[in-house]
Amino acid sequence: LRVVKFRRTGESSRSDEDVISGEHEIQIEGVQTELEPIELEDGAAVPKEFANPTDDTFMVEDAVEAIGFGKFQWKLSVITGLAWASNYAMEMMILSILAPQLHCEWRLPSWQVALLTSVVFVGMMSSSTLWGNISDQYGRKTGLKISVLWTLYYGILSGFAPVYSWILVLRGLVGFGIGGVPQSVTLYAEFLPMKARAKCILLIEVFWAIGTVFEVLLAVLVMPTLGWRWLLVLSALPLLLFAGLCFWLPESARYDVLSGNQEKAIATLKRIATENGAPMPLGKLIISRQEDRGKMRDLFTPHFRWTTLLLWFIWFSNAFSYYGLVLLTTEFFQAGDVCSISSRREEVKAKCSLTCEYLTEEDYTDLLWTTLSEFPGVLVTLWVIDRIGRKKTMALSFFVFSFCSLLLFLCVGRNVLTVLLFIARAFISGGFQAAYVYTPEVYPTATRALGLGTCSGMARVGALITPFIAQVMLESSVYLTLVVYSGCCLLAAVASCFLPIETKGRGLQESSHKEWGQEMVGRGSHSPGVTRSNSGSQE
């Protein structure tokens, strides 16, 4: 019989205000509730089991760490990546291809073409919080399946839209479904061991690139012969594959523990152990049931209030700057350099708003090359995130973007312009992925999906606003536009540094701050010193 000996790895340190008060009532199913207290050096009382943990109980976090990364996580990585590629990247990439086609075919004015893009972001913004709430209340798998089937249904219907108003409504409903895609990261993160979590979530970006490349290649084959309707239908079909694979996906064991389903959680952990060829920890799984899950007020408790507000601004700045740079890149390249953009604007105004230009083979090639600029950002983020931490990685990404934006004031030539834009996009995309790593790590299981959903919703607000800066304000002043983007990212860099919690080397929290005692029971050996309460953190 193999016996697994494991210890809980150290979590982020806390301030002195987080010291245990010793006045907590502990109620855990299947575990002794009358615990003998002992005295700490500072006089605070703590249950005896906390200081002398035994091997007869364990938590989901302990089991995930003991079982480790293996065959199960590889399969989960591919399925999560498929969701990211088919439900997110491909549907977003369609916006770049569909708009000019409908502009020509239906003779749409420019504002109606722009509205086709905006309505997708409106749908994503309005639904992100709802999908997070559903995932916290009814399960990550449930929320993800519904959002995928929703997107598949309305994605196919979009191909049959007879008039502009129909396709506007249907694309908005597609955006509503896409708002649930970030919950795949929530489910994914909850099955990953701590050491592999950051790298795995960052590498999901590879599937984004695969999805966009596939969509462009599909457009090259389909658009000249079958047209945009077939492109919309065929682009939705990979979602059918993911919907089928969803039946293989287990529900998050962390969610099952929080909802009181001990048997399901144990069955899931045994399945992972079997697929990975690793032994299960000995003892009994601790259940810390929490009925009140996925509530907005939990994001604004004293413990999480500043974290939530700062993260909202960080996510807003990420999307605002990322999509703004995408729009500015086209403007700068067509003008040749920053200083020539004003004269080019005057020429454009003279053209009719209904001037029709179909996408050429060269345009599709440019779309492919643009995607490649994000790989260096992911590689840099992958290298630094476990070295300097999540907060500093996000701050570094924002600072580099801000610095590159200011360098554009120098009226550089096209070659230098290309390099600066490449670096800026690489780092802002890397910062976006760092935020996807940090956000699921900082919130407890009871509000993790909601926290990520609200942050994703704030990102869509940034994506909605940025066209008015990158396109409208650009007509008035190039330099004011650059100052807005640079200043926003500089503030976001400061916000990243002021985040109260660093999640590097920290396990995912099972429960909220008030249930800290339940989380402490059954953990492995502690580091020398005092065990302190703050959502289960240890010193």
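Residues numbered from 1 in each chain as written. Predicted model: local features only at pLDDT ≥ 70, side-chain atom pairs only at ≥ 80, totals over all residues. Heavy atoms only, no water.

- An unreviewed UniProt entry annotates the protein chain as Synaptic vesicle 2-related protein originating from Nyctiprogne leucopyga.
- What the UniProt record of the protein chain gives under Subcellular location (unreviewed entry) is the line "Cytoplasmic vesicle, Secretory vesicle, Synaptic vesicle membrane".
- In its Sequence similarities (unreviewed entry) section, the UniProt record describing the protein chain reads: "Belongs to the major facilitator superfamily." (UniProt positions renumbered as here; feature names shortened; annotations may be inferred.)

## Examining the overall build of the protein chain
Okay, step 1: From N to C terminus, the protein chain includes 20 helices and four strands.
Okay, step 2: When the accessible surface of the protein chain is summed, it comes to about 22000 Å², and 64% of that surface belongs to carbon and sulfur atoms. (Helix = DSSP H or I, 4+ residues; strand = E, 2+ residues; numbered from the N terminus. Areas by Shrake-Rupley, 256 points an atom, 1.4 Å probe, with all protein chains shown as cover.)

## Topic: the pattern of salt bridges
When the charged atoms of two side chains with opposite charge come close together, those side chains can pair.
Okay, step 1: The full count for this structure, using the stated rule, is 12 salt bridges.
Okay, step 2: A salt bridge links glutamate 190 to arginine 448; the shortest N-O distance between them is 2.5 Å. Here glutamate 190 is found in the loop between helix 7 (183-189) and helix 8 (194-222), whereas its partner arginine 448 is found in helix 18 (residues 448-476), with 258 residues between them in sequence. The same class applies to glutamate 190 as to arginine 448, namely buried. (Salt bridge = Lys/Arg side-chain N within 4 Å of Asp/Glu carboxyl O. Buried < 20%, exposed > 50% of the residue type's maximum accessible area, 1.4 Å probe, protein only.)

## Digging into empty space enclosed by the protein
Okay, step 1: For the structure on display, the rule yields five cavities of 30 Å³ or more.
Okay, step 2: If you add up the space inside the largest cavity, you get close to 150 Å³.
Okay, step 3: The wall of the largest cavity is formed by Trp84, Tyr88, Glu205, Trp208, Tyr322, Tyr323, Glu374, Ser429, Phe432, Gln433, Tyr436 and Arg460.
Okay, step 4: The set of elements that each furnish at least two residues to the lining of the largest cavity consists of helix 3 (71-105), helix 8, helix 12 (305-335) and helix 17 (414-442).
Okay, step 5: No other element matches the four residues that helix 17 contributes to the lining of the largest cavity.
Okay, step 6: Tallied by class, the residues present in the lining of the largest cavity amount to seven nonpolar, two polar and three charged.
Okay, step 7: Both domain 1 (54-290) and domain 2 (292-338 + 355-504) contribute no fewer than three residues apiece to the lining of the largest cavity. (1 Å grid on protein atoms, 1.4 Å probe; cavity = no way out; pocket = protein on both sides within 12 Å on 5 of 7 lines; lining within 4 Å. Points joined across faces, edges and corners; volume = space filled by probe spheres on them. Nonpolar A, V, L, I, M, F, W, Y, C, P; charged D, E, K, R; others polar. Domains from an automatic or database assignment.)

## Structural notes on the nonpolar core
Okay, step 1: Counting residues in hydrophobic clusters, the biggest one holds 130 residues, and the most contacted among them are Tyr88, Met92, Ile167, Leu269, Trp315 and Tyr436.
Okay, step 2: Per-element accounting of this core gives the leading share, 15 residues, to helix 3.
Okay, step 3: Per-domain counts for this core show at least three residues from each of domain 1 (54-290) and domain 2 (292-338 + 355-504).
Okay, step 4: In contact with methionine 92, not counting residues within four places along its chain, are Val120, Phe121, Met124, Trp208 and Tyr323. (Core = buried A, V, L, I, M, F, W, Y, C linked by side-chain atoms within 4.5 Å. Contact = heavy atoms within 4.5 Å.)

## Some thoughts on the state of the cysteines
Okay, step 1: The final tally for this structure, using the stated rule, is zero disulfides.
Okay, step 2: Left unpaired, cysteine 488 is separated from the closest cysteine sulfur, that of cysteine 489, by 5.5 Å. (Disulfide = S-S within 2.5 Å.)

## A closer look at the packing of helix 8 against helix 15 (residues 374-388)
Okay, step 1: Between helix 8 and helix 15, the shortest axis-to-axis distance is 10 Å and the interhelical angle comes to 180°. With respect to helix 15, the element helix 8 is oriented roughly antiparallel. Together, Lys195, Ala198, Lys199, Leu202, Leu203, Glu205, Val206, Trp208 and Ala209 of helix 8 and Glu374, Phe375, Val378, Thr381, Leu382, Ile385 and Asp386 of helix 15 make up the contact between the two elements.
Okay, step 2: Its residues placed into classes, the contact of helix 8 with helix 15 shows 10 nonpolar, one polar and five charged. (Axes fitted to C-alpha atoms, helices over the stretch in contact; angles between N-to-C directions. Parallel < 35°, antiparallel > 145°, perpendicular 65-115°, else oblique.)

## Concerning the packing of aromatic side chains
Okay, step 1: A complete count under the given rule lists 19 aromatic pairs for this structure.
Okay, step 2: Plain terms: the ring middles of tryptophan 84 and tyrosine 436 are 5.3 Å apart, the flat faces sit at 85° to each other, and that makes the pair edge-to-face. Remark: tyrosine 436 occurs in helix 17 and tryptophan 84 occurs in helix 3; sequence separation between them is 352 residues. As far as burial versus exposure is concerned, tryptophan 84 and tyrosine 436 are alike and both buried.
Okay, step 3: On the basis of an interplanar angle of 10° and a centroid distance of 5.6 Å, the ring pair of phenylalanine 316 and phenylalanine 320 is categorised as stacked. (Phe/Tyr/Trp six-rings, centres within 6.5 Å; stacked < 30°, edge-to-face > 60°.)

## A closer look at helix 2 (residues 60-67)
Okay, step 1: Of all eight residues making up helix 2, six are buried, and the element is well covered by its neighbours.
Okay, step 2: Summarising the contacts, the buried residues of helix 2 are in contact with strand 3 (57-58), helix 8, helix 10 (253-258), helix 11 (262-276) and strand 4 (284-285).
Okay, step 3: Taken from the residues just after helix 2, glycine 68 is the one with a positive phi, measuring 80°.

## A few points about the side chain of serine 147
Okay, step 1: Assignment of secondary structure puts serine 147 in helix 5 (residues 140-158).
Okay, step 2: Polar side-chain contacts of serine 147 include one of 2.9 Å to the backbone oxygen of leucine 144.
Okay, step 3: Apart from the residues lying within four places of it in its own chain, the contact partners of serine 147 are Trp131, Gly177 and Gly180. (Polar contact = N/O pair within 3.5 Å; in protein donor to acceptor, adjacent residues only side chain to side chain.)

## Digging into the confidence of the model for the protein chain
Detail in the predicted coordinates should be disregarded across regions flagged by low pLDDT.
Okay, step 1: For the protein chain, the mean per-residue pLDDT works out to 75, and 74% of the residues sit at or above 70.
Okay, step 2: Across residues 348-354, where pLDDT falls below 50, the model places seven contacts with residues more than four positions away in sequence or in other chains.
Okay, step 3: Below pLDDT 50 for its whole length, residues 513-539 participates in 100 contacts with residues either more than four positions away or in separate chains. (pLDDT = per-residue confidence, 0-100.)

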